[in-house]
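As a plain string of letters, each chain reads:
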Amino acid sequence: MNGPLAILGAGGFVGTRMLEIAALRGRTDIVPIVRAFRSIARIANLGMSYRLGDASRPDSLERALAGCEAVVNLTTGDPAEILRTTRSIYSAAVAAGVRRLIHLSSAAVYGQVERPGLSDDAPPQLDHWMPYAREKGHAENFLRERMAEGRLAIVVLRPGLIWGPRSPWVLRPASELVSGTAYLVGGGGGVCNLMYVDNLVRSINAVVAHPEQVSGFYNVADDGTTTWREYYGALAAGLGVEMATIGTLPGDRYRAGLSGLLEEIKNNLPPYQWLKRGLSTETKNAIKLRLKRAVSRDRPPPWNGSPQPVATRDMWHLQATRNPLPTARFQATFGHRNLTSFASGLAASLAWLRFIGLDEREAVEGAVASAAGVATLAAERER
Amino acid sequence: MLRTHMSGDMTPRLMVVGCGAVVDQYYRGALRKLESRGIARVVALVDPDPLRTAALAQHFRSAGAFATQAEALARAAPDLTIVASPPSSHAEHAVAAFGAGSHVLCEKPMAASVDDAQRMVAAARAAQRVLAIGMTRRMYSSLAEARALLAAGALGNRLRFVYREGGVYGWPVTTDFPFRRSTAGGGVLIDKGTHVLDFLVALFGEPFVATYADDGHAEGVETNCRIGLDFPGASGMVQLSWSQPLANGLRITGSAGQLTLHPWRLDAVRWRRNGGAWETRVSPATWPRDLRRGGPRGTPWTYEECVYYQIVQALRAVVHGEPVPVDGEQELAVVRAIHACYRQATSLRLSWLTQSEQARADARHWSLQP
């Protein structure tokens, strides 16, 4: 590369790991770009120079991208903003003279991957019920049109579930396993399209380092096929949780329970979303506690109640995935191979769960609360 | 004692030095409530950024906006100065306030160095003014309940504790000062650690730092750390993070029972005797809601309410000479502990790093840099 590599969404899960690896290798050609000062906190230990830039505003971003050779878009956040942000990043990259844009999409654009051997160029499912998947699909189509214009090289990567230490896809199942609220759909035979975070970072680096200006869509995933039962089973064994404690849901169709229905109503209710975004975590917890206390008529409400499994629609659909993502095209184009196996990734993930204290049973409910709080904070931060 | 103002108005006057995120998020609402209840009046807002003082001044009609504390003190004579500037400026602003005859409520962390903290305590003593430290968790009724259980010997002896507090940082800071060693003095230890250590000091007394490790590189500040601590009658581990969730909460185990506190459960603790069932206990502790002797009392439910009650306590110390929840001299124990941590800092083992990455992280650790 002749110029620095800009990382948008540098304060997120993947961005943090990407910067950590870069800093530990002594790379000085990486420019983290964050929207707000608070996003620096997660990478503050590295002491890297950063630039401020709002991915939703091309003028702000163009300044931040000045002099950069390539840009990696790792931004996440409100699904409604995905297409607008993608457009903005593209415009800013063109205006700043960036030569290569690497855009992180998601295997979610294909829903449950119902066809085997799905082509990397297969169009996304734009009528998907999940707003995130739908909007990621629209963003892909926007970039597909821009690729044809050829103003800069655009590589769209489609990982599955990005897992590993610090991933919500490790914390969530592990918290559910430990609290006895984990469940498997249809016995867990669905395909869990995992992508270990270090394998993803290496994939991105392979694209950046490629000598030619390649454009295109590429599925990326770990080697081998892992089922949900295998994934949960491996985590459970590492945490000392009996497989028999994992619930089972029928795999023929999604049936929303009361909790699931409430979750769906809440998640599709604009005033609820507005409140969720606008209130501090402490205030939200205080409101919940007050409501609990009102219901219990001033007797102390239970510490955390008896947690019950909540079968969400998104989780049901993910677990009902039928096929692995074919990744041969990416490997052939970029000469990339994954270095971290499932076993190594699992060992690192379990070590991380011990590091955060999740294996200490008495602290479990705190961790579950913490995971919810973190999701809120992460969403707030990315906005 | 309050000053006697020319107008004869005896409503306590407040000056706010530093109008960043903590004031906007937490103090603004509390101060408006105090004004609306006629308990205090904000007379001066100080910040080098005129946009911030102007935005805040919209909520406080009688407050002047000033770029420096010196300008503000030339025009206003506060009874209580709320110091909410970056930690590296706390000593300067507190000492100036004492010099002008004001009492001080200083936001946490009290100071960026032990020398600064001692200077603040000495200045308060010389001026015979109150130096209250804004440790909002002292207002939690869960703390009062935990203290009562420990005092009653409910957990027995040989106390061991684990206190974890971590999550992805979400505080809407308006500068990067909290992430620079030169302006903040450190990272997550200074930020969350101040609260956590103060909470433990309130439970167990003066701490001794046995071990400390963090993940700060040469040019950075720590985002993860672990501390080994000994107190009179208790010992244990604290783990803090700005970058990831932890199994949050304080768990104390003794020869006779266990006690659990969660950072977001302000009102209650959970405890059990060895072999017994867990029991949730809500504290009956309350705080005065205004400055009247024998006036109404209440219990804070949110962090914002803790700030309100904390200001009321500081004002009652000024008006009635009542003790504040934590004063500068008491908070010195926390400042000393934090600096004892930094003095013996080593590189933290991060479980997700490969061996070679950990070796590189060790070599880049800030404590090894000249």
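Residue numbers run consecutively from 1 along every chain, following the written order of its sequence. Following the order in which they are written, the chains are lettered starting with A and the ligands numbered starting with 1. Given that this is a predicted model, residues contribute local features only at a pLDDT of at least 70 and side-chain atom pairs are listed and counted only at 80 or more, while totals for whole chains, interfaces and linings are drawn from all residues.

Attention shifts here to the overall build of chain A. Secondary structure is summarised from DSSP: a helix means a run of H or I of at least four residues, a strand means a run of E of at least two, and numbering begins at the N terminus for each. A tally of regular secondary structure across chain A gives 14 helices and eleven strands. The 383 residues of chain A split such that 48% are buried. Any two residues are considered in contact once their C-beta atoms, placed from the backbone, lie within 7 Å. A separation threshold of at least 6 residues defines the contact pool for chain A, and within that pool the share at least 24 residues apart is 81%. Labels follow a simple rule on C-beta atoms placed from the backbone: if 20 or more others lie within 10 Å of a residue's own, it is buried; if 12 or fewer, it is exposed; otherwise it is partly exposed.

Our next topic: the overall build of chain B. A count of helical and extended segments in chain B gives eleven helices and 17 strands. The C-alpha atoms of chain B give 21 Å as radius of gyration, which agrees with the globular expectation for 370 residues (21 Å, within 12%). Viewed in the frame of its principal axes, chain B has a C-alpha envelope of about 65 × 50 × 35 Å. Sequence separation of 24 or more characterises 67% of the internal contacts of chain B that already satisfy a separation of 6 or more. Radius of gyration here uses only the C-alpha atoms, and the compact-globule reference equals 2.2 Å multiplied by the residue count raised to the power 0.38.

With that out of the way, let us pick up the pairing of strand β2 (residues 30-34) of chain A. Residues and elements named next belong to chain A. Within β2, five of the five residues are buried, which leaves it mostly tucked inside the rest of the structure. Taking every second residue as pointing to the same face, both faces of β2 are buried, with I30, P32 and V34 on one and V31 and I33 on the other. Sheet analysis places strand β1 (residues 5-8) next to β2, joined by four bridges and oriented parallel. By the bridge assignment, L8 is partnered in β2 with I33. Each parallel crossover has a hand, and for β1 linked through helix α1 (residues 13-24) to β2 it is right-handed. Should DSSP find at least two bridges between two strands, the strands are regarded as paired. For a crossover, the right-handed case is the one in which the path from the first strand over the helix to the second runs clockwise, viewed with the strands pointing away from the viewer.

All names here are of chain B. Here six strands make up an open sheet; going across it, the order is β3-β2-β1-β4-β5-β6 and the pairing parallel. With one partner strand each, in any of the chains shown, β3 (64-66) and β6 (131-134) form the two edges of the open sheet. When strand polarity is set aside, the average angle formed by the axes of neighbouring strands in this sheet is 20°. Of the strand pairs in this sheet, strand β5 (residues 103-107) and β6 are connected by four bridges, and their pairing is parallel. The angle between two axes is taken between their N-to-C directions and runs from 0 to 180 degrees, where each axis is a line fitted to C-alpha atoms and a helix contributes only its stretch in contact.

Below, the discussion takes up the domain arrangement of chain B. Residue and element names in this part refer to chain B. Domain segmentation is taken from an automatic or database assignment of domains. One can read the domain layout of chain B as domain 1 (13-134) and domain 2 (140-287 + 333-368). Of note, the centres of domain 1 and domain 2, computed from C-alpha atoms alone, are 28 Å apart. Taken together, the 14 residues of domain 1 in the interface contact 14 residues of domain 2. Those elements that provide at least two residues to the side of domain 1 that touches domain 2 are α1 (21-36) and α5 (114-127). Broken down by class, the residue content of the side of domain 1 that touches domain 2 amounts to nine nonpolar, four polar and one charged. Nonpolar residues are Ala, Val, Leu, Ile, Met, Phe, Trp, Tyr, Cys and Pro. Charged residues are Asp, Glu, Lys and Arg, and all others, Gly as well, are polar.

A separate point is the environment of A:Y231. Considering the arrangement of structural elements, one finds A:Y231 in helix α7 (residues 228-239). Filtering out sequence-adjacent residues up to four positions away, A:Y231 remains in contact with A:C192, A:L194 and A:T226.

Mapped onto the elements, B:H217 comes out in the loop between β8 (208-214) and β9 (224-231). For B:H217 and B:H365, which are 148 residues apart along the polypeptide, the C-alpha to C-alpha distance reads 4.5 Å. Other than its neighbours up to four places away in sequence, B:H217 contacts A:A23, A:N45, A:L46, A:G47, B:R364, B:H365 and B:W366.

All right, on to the packing of α1(B) against helix α9 (residues 303-320) of chain B then. All names here are of chain B. Put simply, α1 and α9 touch, their axes get as near as 9 Å, and they point 50° apart. When the axis of α1 is compared with that of α9, the two are oblique. Crossing geometry of α1 relative to α9 is assigned as right-handed. Of the residues in α9, those in contact with Y26, Y27, G29, A30, K33 and L34 of α1 are Y303, E304, V307, Y308 and I311. Here the contact of α1 with α9 is built from residues that sort into eight nonpolar, one polar and two charged. Just so you know how the angles are binned, under 35 degrees is roughly parallel, over 145 roughly antiparallel, 65 to 115 roughly perpendicular, and the rest oblique. Crossing handedness is defined as follows: a turn of the near helix away from the far one that is anticlockwise and smaller than a right angle gives a left-handed crossing, while the clockwise case is right-handed.

The nonpolar core is taken to be a set of buried Ala, Val, Leu, Ile, Met, Phe, Trp, Tyr and Cys residues joined by way of C-beta atoms within 7 Å. Judged by nonpolar contacts, the single largest core of 219 residues is most densely connected at A:I7, B:V16, B:A94, B:V104 and B:M120. The residues touching A:I7, leaving out its near neighbours within four places in the chain, are A:G15, A:M18, A:L19, A:I30, A:V31, A:P32, A:I33, A:V72 and A:L74.

One confidence number per residue, pLDDT, is output by the predictor and ranges from 0 to 100. Confidence in the prediction for chain B averages 94 pLDDT; 98% of positions are at 70 or higher. At the level of chain-chain contacts, confidence expressed as ipTM amounts to 0.89, with global pTM at 0.89.

Residues and elements named next belong to chain A. Ordered by their spatial adjacency, seven strands build an open sheet running β3-β2-β1-β4-β5-β6-β10, and the pairing between neighbours is parallel. Each of the sheet's edge strands pairs with one partner strand only, and the pair in question is β3 (51-52) and β10 (216-220). For strand β6 (residues 153-159) and β10, the ladder comprises five bridges, and the chain directions are parallel. Looking across to β10, one finds that R158 is bridged to N219. Along the sheet, helix α3 (residues 82-96) makes contact with β1, β4 (70-73) and β5 (100-104), crossing β5 at roughly 165°.

Taken over all residues, the pLDDT of chain A has a mean of 85, while the share at 70 or more is 84%. Of the regions scoring below 50 in pLDDT, residues 362-383 of chain A engages in 65 contacts with residues more than four places distant in sequence or in other chains.

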